[in-house]
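The chain contents come next:
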Amino acid sequence: LIVRVMRSRRLDKFEEFFPEAVDLIARTLRAGHAFSTGLRMAAEEVPEPVASEFRLLHDQQNYGLPINEGLRNMAKRVPIIDARFFVTAVLTQREAGGNLAEVLDNLSAVIRERFRIKRQLRVLSARGRLTGAILGALPPAIGVMMLIRVPDHFSLLLESDLGLKMIYVALALQVLGAYMIHKITDVDY
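What counts, and at which threshold
Residues numbered from 1 in each chain as written. Predicted model: local features only at pLDDT ≥ 70, side-chain atom pairs only at ≥ 80, totals over all residues. Heavy atoms only, no water. Patch = residues over 30% accessible without salt bridge, like charges linked within 9 Å, V, L, I, M, F, W, Y side chains within 5 Å. Areas by Shrake-Rupley, 256 points an atom, 1.4 Å probe, with all protein chains shown as cover. Salt bridge = Lys/Arg side-chain N within 4 Å of Asp/Glu carboxyl O. Helix = DSSP H or I, 4+ residues; strand = E, 2+ residues; numbered from the N terminus. Buried < 20%, exposed > 50% of the residue type's maximum accessible area, 1.4 Å probe, protein only. Contact = heavy atoms within 4.5 Å. Core = buried A, V, L, I, M, F, W, Y, C linked by side-chain atoms within 4.5 Å. 1 Å grid on protein atoms, 1.4 Å probe; cavity = no way out; pocket = protein on both sides within 12 Å on 5 of 7 lines; lining within 4 Å. Points joined across faces, edges and corners; volume = space filled by probe spheres on them. Nonpolar A, V, L, I, M, F, W, Y, C, P; charged D, E, K, R; others polar. Phe/Tyr/Trp six-rings, centres within 6.5 Å; stacked < 30°, edge-to-face > 60°.

Here the focus is a nonpolar patch on the surface. A cluster of nonpolar side chains, contributed by Val169, Leu173, Leu176, Tyr179 and Met180, occupies part of the molecular surface with about 510 Å² of accessible area. On the secondary structure map, leucine 176 appears in helix H9 (residues 161-185). For leucine 176, a relative accessible area of 43% translates into the label partly exposed.

Following this line, the structure appears as structure tokens:
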């Protein structure tokens, strides 16, 4: 669970700073430098974790790995759709030709807009997430309160077969309800 949370935070940070790196590479290309120079500048000037991915990509290219293969490796390492868009745009431009700086400018604008909408969705779904948390915590809190305040009623529930069945059904419905509320409020964009 801890690793999953840390991974999620890292990917969120990557998503936040990635448009900055794409803009930097586009400016580097517009200034007349090579794509590899843009990668190096992104590795040096953009915050982590984006910098480490571009540093690895630049180092792989310097050590002889073809840039196409290095870009594909980056798309596999970073499971974010924006990174795949970047890789696809660069690979397509390398095969078909065209103005890569303009393509990267458009891509960074699209990524920023997606990020803005994602934040807006998170704000709009906050009420549902809070409601889900309260509804999820309320039955266990009432159960603990009853156990403390009226232990005779609760012991009757634990001692009878019908009471145990009621507890199992209540727990199953509680888990199902929490799952459904999570699915409703978790908008994947």
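There is more to say after this.
For the rest of this paragraph, the subject is the side chain of glutamine 93. Here glutamine 93 shows up in helix H5 (residues 81-96). If sequence neighbours within four positions are ignored, glutamine 93 has contacts with Gly98 and Leu100.

Turning our attention to the nonpolar core. A general trend in soluble globular proteins is that nonpolar side chains are found buried together. Core analysis: the biggest nonpolar cluster contains 34 residues, and Phe18, Ile25, Phe35, Phe54, Phe86 and Leu104 have the highest contact counts within it. Counting only elements with at least two residues in this core, the list comes to helix H1 (2-30), helix H2 (35-45), helix H3 (50-62), helix H4 (67-77), H5 and helix H6 (100-124). With 10 residues, H1 is the largest single contributor of residues to this core. Those residues within four positions of phenylalanine 86 in sequence are excluded, and the remaining contacts are Phe18, Val22, Ile25, Phe35, Phe54, Leu71, Met74, Leu104 and Leu107.

Here the focus is the layout of surface pockets. In this structure, the second largest pocket spans a volume of roughly 440 Å³. Pro139, Phe154, Leu157, Ile167 and Ala170 are, among the 14 residues lining the second largest pocket, the residues nearest its centre. Secondary-structure elements contributing two or more residues to the lining of the second largest pocket are helix H7 (126-149), helix H8 (151-159) and H9. A per-element tally of the lining of the second largest pocket places H9 first, with six residues. Residues belonging to the lining of the second largest pocket are distributed by class as follows: 10 nonpolar, four polar and no charged.

Before going further, it helps to examine the packing of aromatic side chains. Applying the stated rule across the entire model yields five aromatic pairs. Ring centres 5.2 Å apart and planes at 20° place the aromatic pair phenylalanine 14 and phenylalanine 18 in the stacked group. Taken together, the positions of phenylalanine 14 and phenylalanine 18, both in helix H1 and four residues apart, correspond to about one turn of that helix. Residue phenylalanine 14 is classed as buried on the basis of its relative accessible area of 2%. When its relative accessible area of 1% is taken as the criterion, phenylalanine 18 is described as buried. These aromatic residues form a ring-pair network of at least three members: Phe14, Phe18, Phe35, Phe54 and Phe86.

Glancing now at the pattern of salt bridges. Inspection of the entire model under this criterion finds 10 salt bridges. Arginine 112 is the partner of aspartate 23 in a salt bridge, and the nearest nitrogen-oxygen pair spans 2.6 Å. On the criterion of sequence distance, the pair formed by aspartate 23 in helix H1 and arginine 112 in helix H6 is long-range, its members being 89 residues apart. A salt bridge links glutamate 44 to arginine 40; its shortest N-O distance comes to 3.8 Å. Placement of the pair is glutamate 44 and arginine 40 together in helix H2, with a separation of four residues, close to one helical turn. Judged by its relative accessible area of 53%, glutamate 44 is exposed. Given a relative accessible area of 35%, arginine 40 falls into the partly exposed group. Here the salt bridges share partners, and the residues they tie into one network are Arg10, Glu53 and Arg77.

Let's shift gears to unusual backbone geometry. A cis amide bond links glutamate 48 with the next residue in sequence, proline 49, at an omega value of 0°. Position of proline 49 among the secondary structure elements: in the loop between H2 and H3.

Any functional reading would require information beyond the geometric quantities listed.
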